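Structural overview
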Amino acid sequence: MVNGQWYPPEWPDRIRAWADGTLRAAPPRRAATVMLLRDAPDGPRVHLLRRRASMAFAGGAYAYPGGGVDPRDDDRDLRWAGPSRAWWAARLGTDEATAQAIVCAAVRETYEESGVLLAGPAPDAVVSDTTGEDWEADRAALVARETSFARFLDRRGLVLRSDLLGAWARWITPEFEPRRYDTWFFVAVLPAGQRARNASTEADRTVWTPPAAAAARYDRGELTMMPPTIATLRQLAGFGTAAEALAAAPGRDLTPVLARARLEGERVVLTWPGHEEFTKAVPVSGAVPDGAPEPGAGGAR
């Protein structure tokens with residue numbers, strides 16, 4: 001394995017089926033993920049979690065906290081602060097309800113998977129401590145979908161701080177995948193007084209690491225990641241502070257990144273526009289593609 005890119009072993013067959021028109025694309029589900037940053041003496045560090053090896057999809061791969069949009073994330077009664085829903089709709093290229101749902105999912109999933117809450121009692125305040133049995137009970141209720149995020153905020157007297165998020169990138173799962181996501185990547189700074197922890201049942205460990213160091217370990221094959229994770233890590237590596245990265249978010253291009261598959265003679269070529277490092281050539285015979293790990297390395301769906 002030349003690097004740590006996770007490669008599903010069923011991809012060659014699915015890519016060939018997609019290329020010859022016998023496979024129909026499944027509709028992608030909206031999702032959000034957050035690159036949580038904090039400062040250290042040697043520069044910003046990013047919070048990563050490692051998916052359990054037993055997970056059917058991308059087992060053992062490192063990723064950011066995140067997940068799918070809940071149907072209740074677009075509840076208009078959600079207590080909101082920061083840029084308006086209309087502003088977010090323009091930024092994300094969606095309608096207002098969808099924009100709210102995506103931003104809400106980003107904040108909710110970050111709280112569910114790391115215990116970090118981007119919300120406060122007022123538009124200019126943020127919660128400083130989310131530890132304790134009462135907070136854990138609320139988090140567990142959200143994970144179990146026993147309550148909505150809007151109802152959680154209302155009961156706590158909190159407002160979602162959309163100004164603490166910066167939209168960074170958008171990646172859509174390849175059309176030949178059976179389970180697809182249209183995922184918005186956000187950047188945020190760890191609020192003062194809060195601490196991240198491994199609160200996800202899907203992860204077996206979490207780390208705070210310099211983005212460049214994580215990327216270097218990926219290049220050496222020591223950390224397994226999917227293309228969106230390593231691509232965004234490389235983009236974060238050049239910032240001197242967490243605040244600088246957040247300030248750069250409004251200028252980021254949110255054009256969706258979607259993998260393309262095409263037939264070239266006896267090979268199917270897989271590319272991610274703008275991200276040439278992920279190009280794979282899949283032999284029609286079903287052999288392992290150029291530069292990919294052996295089937296089964298890193299888990300299979």
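Figured I'd write up the structure that's included with this text. (Residues numbered from 1 in each chain as written. Predicted model: local features only at pLDDT ≥ 70, side-chain atom pairs only at ≥ 80, totals over all residues. Heavy atoms only, no water.)

1. Things to note about the packing of aromatic side chains
Considering all chains together, one arrives at 10 aromatic pairs under this definition. Ring geometry for tyrosine 64 and phenylalanine 185: centres 6.3 Å apart, planes at 85 degrees, overall edge-to-face. Residue tyrosine 64 is found in the loop between β3 (62–63) and β4 (66–68), and its partner phenylalanine 185 is found in strand β9 (residues 181–189); the two are separated by 121 residues along the sequence. With respect to class, tyrosine 64 is no different from phenylalanine 185; both count as buried. Note on tyrosine 111 and phenylalanine 152: the rings are 5.5 Å apart at their centroids and 20 degrees apart in plane angle, and the pair reads as stacked. Highlighted residues: tyrosine 111 in helix α3 (residues 96–114) and phenylalanine 152 in helix α5 (residues 149–156), separated in sequence by 41 residues. For the residue pair tyrosine 111 and phenylalanine 152, the accessibility class agrees, reading buried in each case. Feature note: the residues Tyr111, Trp135, Phe149 and Phe152 constitute an aromatic cluster, connected by ring pairs. (Phe/Tyr/Trp six-rings, centres within 6.5 Å; stacked < 30°, edge-to-face > 60°. Helix = DSSP H or I, 4+ residues; strand = E, 2+ residues; numbered from the N terminus. Buried < 20%, exposed > 50% of the residue type's maximum accessible area, 1.4 Å probe, protein only.)

2. A short note on the pairing of strand β13 (residues 267–271)
Counted residue by residue, β13 has four buried out of five residues, so it is predominantly covered. The pairing of strand β12 (residues 260–264) with β13 spans five bridges and is classified as antiparallel. Residue glutamate 264 lies in a different strand from β13, and its bridge partner there is arginine 267. The loop that links β12 with its antiparallel partner β13 comprises two residues; one of these, glycine 265, has a positive phi angle of about 65 degrees. Two strands pair when backbone bridges link them, and β13 and strand β14 (residues 280–283) are joined in this way by four bridges, in the antiparallel orientation. Note that in β14 the partner of valine 269 across the bridge is alanine 281. (Pairing = 2+ DSSP bridges.)

3. Some words on helix α7 (residues 227–236)
For α7, the tally of buried residues reaches eight of 10 residues, placing the bulk of the element in the interior. Of all the residues in α7, the buried ones are Pro227, Pro228, Thr229, Ile230, Ala231, Thr232, Leu233 and Leu236.

4. A closer look at the sheet that holds strand β7 (residues 159–161)
One open sheet accounts for three strands, arranged β5-β7-β6; its pairing is mixed. Since the sheet does not close on itself, it has two edges, and those belong to β5 (80–81) and β6 (119–120), each with one partner.

5. With respect to the packing of helix α4 (residues 133–143) against α5
α5 packs onto α4 with a crossing angle of 160 degrees between their chain directions and a minimal axis gap of 10 Å. In terms of orientation, α4 lies roughly antiparallel with respect to α5. Read as a crossing pair, α4 and α5 show a hand that is right-handed. The segment α4 lies against α5, with Asp134, Trp135, Asp138 and Leu142 engaging Phe149, Phe152, Arg155 and Arg156. Across the contact of α4 with α5, the residue classes tally to four nonpolar, no polar and four charged. (Axes fitted to C-alpha atoms, helices over the stretch in contact; angles between N-to-C directions. Parallel < 35°, antiparallel > 145°, perpendicular 65-115°, else oblique. Left-handed = near helix turned anticlockwise from the far one by under 90°. Contact = heavy atoms within 4.5 Å. Nonpolar A, V, L, I, M, F, W, Y, C, P; charged D, E, K, R; others polar.)

6. Comments concerning the sheet that holds β13
Judged by pairing direction, the sheet is antiparallel, and its three strands sit side by side in the order β12-β13-β14 without closing on themselves. Of all strands in the sheet, those bounded by a partner on one side alone are β12 and β14. The mean inter-strand angle of the sheet, taken between neighbouring strand axes irrespective of direction, is 25 degrees.

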